[in-house]
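# Fold and contact review
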Amino acid sequence: MADVKAKIKGGSFLLQTANPADVFTPEDMTEEQRMIGQTSKDYAKKVHGKLKEIEANKPAVSRPLMKEAGDLGLLALEIPEEFGGLGLDKVTATVSSEEFTRGGSFAVTLMAHTGIGTLPIVYFGTKEQKAKYLPKLASGEWVAAYALTEPGSGSDALGARTTARLSDDGKYWILNGSKQWITNSGFADVFVVYAKIDGEKFTAFIVERGYEGVSVGPEEDKMGLHASSTATLILEDVKVPVENLLGEPGRGHVIAFNILNIGRWKLGAATSGSSKYMIEVAAQYAKTRAQFGKPIASFRAIQQKLADMNIRTFVTESVAYRTAGLLDVVLGDLDLVNTDIKEAGKRIEEFAVECSINKVFGSEAFDFVVDEAVQIHGGYGYMNEYEVATAYVDSRINRIFEGTNEINRLLIPGTLVRRTMKGELPLMPAMMALQDELTSLTPFEDDGEPLAQERYMIDRAKKVFLMLAGLGVQKYQLALEHEQELLLGVADIAIEIFAMESIVARAQKALAAGKPGLKPEMATVYCQEAFERIGMFARNIMPAIEEEGDTLRTQLSIIKRLLRYTPVNVVALKRKVAEKVLDKEGYVL
Amino acid sequence: MEILVLLKQTFDTEAKITVKDGHVVDDDVTLVINPYDEYAVEEALKLREAQGGAVTVVSVGTDRVEEALRRALAMGADEAVLVEAPAGADELTVAHALAEWASAKQWDIVLAGNVSVDSGAGQVALRFAEVLGLPHVAAALKLEVGDGKAVVHRDAEGDTEVLEVTLPTLVTAQQGLNEPRYPSVPGIMKAKRKTIARVTPAAPVAAATVVQSVFQAQQNRRNTMIKGSPAEQAQQLVQLLRGEAKVV
Ligand SMILES: Cc1cc2nc3c(=O)[nH]c(=O)nc-3n(C[C@H](O)[C@H](O)[C@H](O)COP(=O)(O)OP(=O)(O)OC[C@H]3O[C@@H](n4cnc5c(N)ncnc54)[C@H](O)[C@@H]3O)c2cc1C
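Bear in mind the structure is a predicted one, so any value in this text is a computation, not a measurement. Every chain's residues receive numbers from 1 upward, in the order its sequence appears when written. Starting at A for chains and at 1 for ligands, labels are handed out in the order in which the entities are written. Totals for whole chains, interfaces and linings use every residue, but because this is a predicted model, local features are given only for residues with pLDDT of at least 70 and side-chain atom pairs only at 80 or more, for both listing and counting.

### What to know about the overall build of chain B
Under the scheme used here, helices are H or I runs from DSSP no shorter than 4 residues and strands are E runs no shorter than 2 residues, and both carry numbers assigned from the N terminus. Looking only at helices and strands, one finds 6 helices and 13 strands in chain B. Principal-axis analysis of the C-alpha atoms gives chain B an extent of 65 × 45 × 40 Å. Long-range pairs, those at least 24 residues apart, make up 71% of the contacts in chain B with a sequence separation of at least 6. We call two residues in contact if the C-beta atoms placed from their backbones are at most 7 Å apart.

As structure tokens, then:
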């Protein structure tokens, strides 16, 4: 593990070829991790049966359910043992998050609590703060929330207007302001609140519901997510004891953004679970619904949808577990008793790019999956009585919270450039070296090993990425941040690269273990489709960087040569996947 | 109190059964503790919680059975034993293999499932009791243990019979006996540290039955919805039963 740490840096996947052995896959899970997944699933299934009750009376039904999760240890996974937790790794949190989604939108309640609510204290709290709050949060006796967003500041979180000023006796921070759309507000006991000291220094505070001046607005009337509580948190001259300042004054952004990093990876994991469930629902429906005298499952059009749903989910899942493996490498040996908060921030930040990729890919893949699940249901899927309808509206929020997908896409090149400037990522030398490589491109050669063309595609995609990023930086330099279309396109290519590489490495590992299942076939299909998309991004971006003329023509011809490949029969491969999905009535590997 | 639970690993009840070359394919399916046996485990844990003692779970099977035993440990069982399955085992073989191992120790009560959801023979537990000379009560819906006796409310084809039996005894669990807990995360972590004992039957008893063939059940159900007023429906039903089904 230590050598993996030395080798794999955040964003380095764009510059080096992944060794499958370093890529964590779900197949690498221990029996214990699987069992914890099963307990999470059993619990979530029970919650599922109570969704209507939760919607009718959130606090009264949610609180006992949270306590039950606490009794099962499900709220304690990521909390250190010293503070009533179980000190488990991120892989365990991944499998657990996946399964929680079977509890409908109550999963949001639970995950906001264990994630953005609890983790700020786990990673950035003092020993005293941890001892005071974590045992109660681990057991479910108390519920936590994370209060960053305000009416006037969403994506621009640092534009918060909530203020903190020291009381005359120096014993309290006096907080004033309001935080909007706070998950769990309706019944949370502890809020991690971000406010500006003297209107300037952005800082995090632990605020208890019981403090004088804390109140909560009415429940929002939301499009979906009806089993979760969302309301405004109002702070009127709230006296927060000085010892409840979290982290350091003026360094709240380190907490806010790093906790979101973790949240983003976990959202990817959750969407993997949600997608699997929708595949089950859709496959079962397709087999029972008959039209033209036969089950709609027998139509190739429906089969293709199920195959596409399964393949995208395979990617979401592979990306989430790979990232969990990376996080475990950097966070595994972090001291969470006497935490050096600077070190904690640095470690979580390491894989910020990968975390954003999880968020964007997972939320969009799930949107695709749930959309097709509705389509397979036809008009019935539009009826609230059918679960797909609920899932469809619930899915939509994933592209908005934990940083919108635009913000997350922009963060990808932004972070890469910043890491490069800080000397943490050798992006510049790679861009330089590329110039030579581009003049001596050799066509694809089958090395006789499985997935040769797919590995070649990944390698080529990385070159396309470097070429576009390099030209973009060269042309725009510091003004690059205003070229959002370019940045979004480059982000999309980076996302596809991470996606392709995660599934190809997983398929290679599975092949080596003698249990490939359909993984190689799914990797082939996805790589071909992703490679086509990469071509489209590149051809759209290139003319926006380079002015019309000979240079543009040369660059476009390089792009063309880079993206040359021999298409395979994905239709046949998808039929194979669909057959198994229908046979199993669920997600297949 | 020394409590023994006989446990079998079966297919997940939601699993799809496929037969290939005369065998049920189990590569891709999730295996679970036979649901009736899970009631037995739960009852055993409740007994121990109320009266103290230890719960041992035992199963006959291959390496894969460890998973089921591990789950029972995670639910809270104290010890687990895997008895290697003799080749070509049937219910008789399994009952004897279990009894051979169990006879080395004194048990106050033995619990098991009423039937298994796969083969559904409902024989192993009762044969086990016969081999060891234990009284047995099948299909318990309620169990009270005290003073060297057990009072068992049993499901007798829909009626409830109440029986009193002296310990040691064997009782099998019917659906409704309890609501099995699922393993907590600390339970799972504790179970990980326990070892599952392995034994090989010294004198395996040969199977008394031979499986001739295994085949997939065919489902040829067709549904016809009859519409109209009750009178019209009755009319149509009679017509269908006469004309099409030719049963009246
Ligand atoms: C159900 C629900 C639960 C929530 N729970 C919580 C919670 O628990 N805690 C919490 O703090 N917040 C929570 N939020 C708030 C959520 O995090 C914000 O809604 C989100 O960050 C987006 O902010 P905004 O809504 O103000 O959108 P805006 O920031 O106004 O964005 C509007 C649009 O502009 C785009 N945009 C904004 N800035 C840029 C830019 N620089 N470049 C390009 N495009 C840009 C965005 O991508 C988006 O498409 C929740 C929201 C909802 C709906």
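Having seen the model, we can carry on.
### Topic: the sheet that holds strand β7 (residues 79-84) of chain B
All names here are of chain B. Ordered in space as β11-β10-β9-β12-β8-β1-β6-β7-β13, the 9 strands form an open sheet in which the pairing is mixed. Taken across any chain shown, the strands that pair with only one partner, and hence form the sheet edges, are β11 (159-166) and β13 (197-199). The average angle at which neighbouring strand axes cross in this sheet is 30°, direction not considered. Bridge count between strand β9 (residues 136-146) and strand β12 (residues 169-173): 3 bridges; the pairing is parallel. Bridge pairing in β12 links His136 to Leu170. In the packing of helix α2 (residues 66-75) onto the sheet, the strands contacted are β6 (54-61) and β7, and the crossing angle to β7 comes to about 165°. Packing against the sheet, helix α3 (residues 91-102) makes contact with β1 (2-6), β6, β7 and β13, and its axis sits at approximately 140° to β6. DSSP calls a pair of strands paired once it identifies at least 2 bridges connecting them. Whenever a helix is involved, its axis is fitted only over the stretch in contact; in every case the axis is a line through C-alpha atoms, and angles between N-to-C directions fall within 0 to 180 degrees.

### A short note on the domain arrangement of chain A
Residue and element names in this part refer to chain A. Either an automatic procedure or a domain database provided the assignment from which the domain bounds are taken. Assigned domains within chain A: domain 1 (21-142), domain 2 (146-246), domain 3 (252-406) and domain 4 (425-584). Between the C-alpha centres of domain 3 and domain 4 the distance comes to 22 Å. Where the side of domain 3 that touches domain 4 is concerned, the elements lending two or more residues are α9 (252-288), α10 (300-331) and α12 (352-377). Counting residues per element, the side of domain 3 that touches domain 4 draws most heavily on α10, at 11 residues. By residue class, the composition of the side of domain 3 that touches domain 4 is 12 nonpolar, 4 polar and 3 charged. Each residue is assigned to one of three groups, with Ala, Val, Leu, Ile, Met, Phe, Trp, Tyr, Cys and Pro labelled nonpolar, Asp, Glu, Lys and Arg labelled charged, and all others, Gly among them, labelled polar.

### Things to note about the interface of chain B and chain A
Contacts between the two partners involve 13 residues from chain B, matched on the other side by 16 residues from chain A. Put simply, the parts of the chain that give the side of chain B that touches chain A at least two residues each are α2 and α5 (185-192) of chain B. Among the elements that line the side of chain B that touches chain A, the one with the most residues is α5(B), at 5 residues. Here the side of chain B that touches chain A is composed, by residue class, of 7 nonpolar, 1 polar and 5 charged.

### Re the pairing of strand β7 (residues 230-241) of chain A
All names here are of chain A. For strand β3 (residues 172-183) and β7, the ladder comprises 9 bridges, and the chain directions are antiparallel. Within β7, the residue paired with Trp173 across the bridge is Val240. Across 3 bridges, the pairing between strand β6 (residues 214-216) and β7 is antiparallel. Note that in β7 the partner of Val216 across the bridge is Leu233.

### Let's talk about the confidence of the model for chain B
With 99% of its residues at a pLDDT of 70 or more, chain B shows a mean pLDDT of 93. On the interface metric, ipTM, the complex scores 0.90, and its pTM is 0.92. For every residue, the pLDDT score states the predictor's confidence, bounded by 0 at the bottom and 100 at the top.

### A closer look at unusual backbone geometry
Leu167(B) connects to Pro168(B) through a cis peptide bond whose omega is -5°. Positionally, Pro168(B) belongs in the loop between β11 and β12. Phi is positive for Gln477(A), which is not a glycine, with a value near 50°. As for its position among the elements, Gln477(A) is in the loop between α16 (452-476) and α17 (484-512). Located in the positive-phi region is Asp147(B), a residue other than glycine, with phi close to 55°. Here Asp147(B) is to be found in the loop between β9 and β10 (149-156).

### Digging into the packing of α12(A) against helix α13 (residues 387-395) of chain A
All names here are of chain A. Packing of α12 against α13 brings their axes to within 9 Å, and their N-to-C directions diverge by 155°. Taken together, the axis directions place α12 and α13 in an arrangement best described as roughly antiparallel. Judged by the twist between their axes, the crossing of α12 over α13 is left-handed. From α12, Phe366, Asp367, Val370, Asp371, Ala373, Val374 and His377 reach across to α13, where they touch Val388, Ala389, Ala391, Tyr392 and Ser395. Each residue belonging to the contact of α12 with α13 can be placed in one class, and the counts come to 8 nonpolar, 2 polar and 2 charged. To sort the angles, those under 35 degrees are grouped as roughly parallel, those over 145 as roughly antiparallel, those from 65 to 115 as roughly perpendicular, and the leftovers as oblique. Handedness of a helix crossing follows the sense of rotation of the near helix relative to the far helix, less than a right angle counterclockwise being left-handed and clockwise being right-handed.

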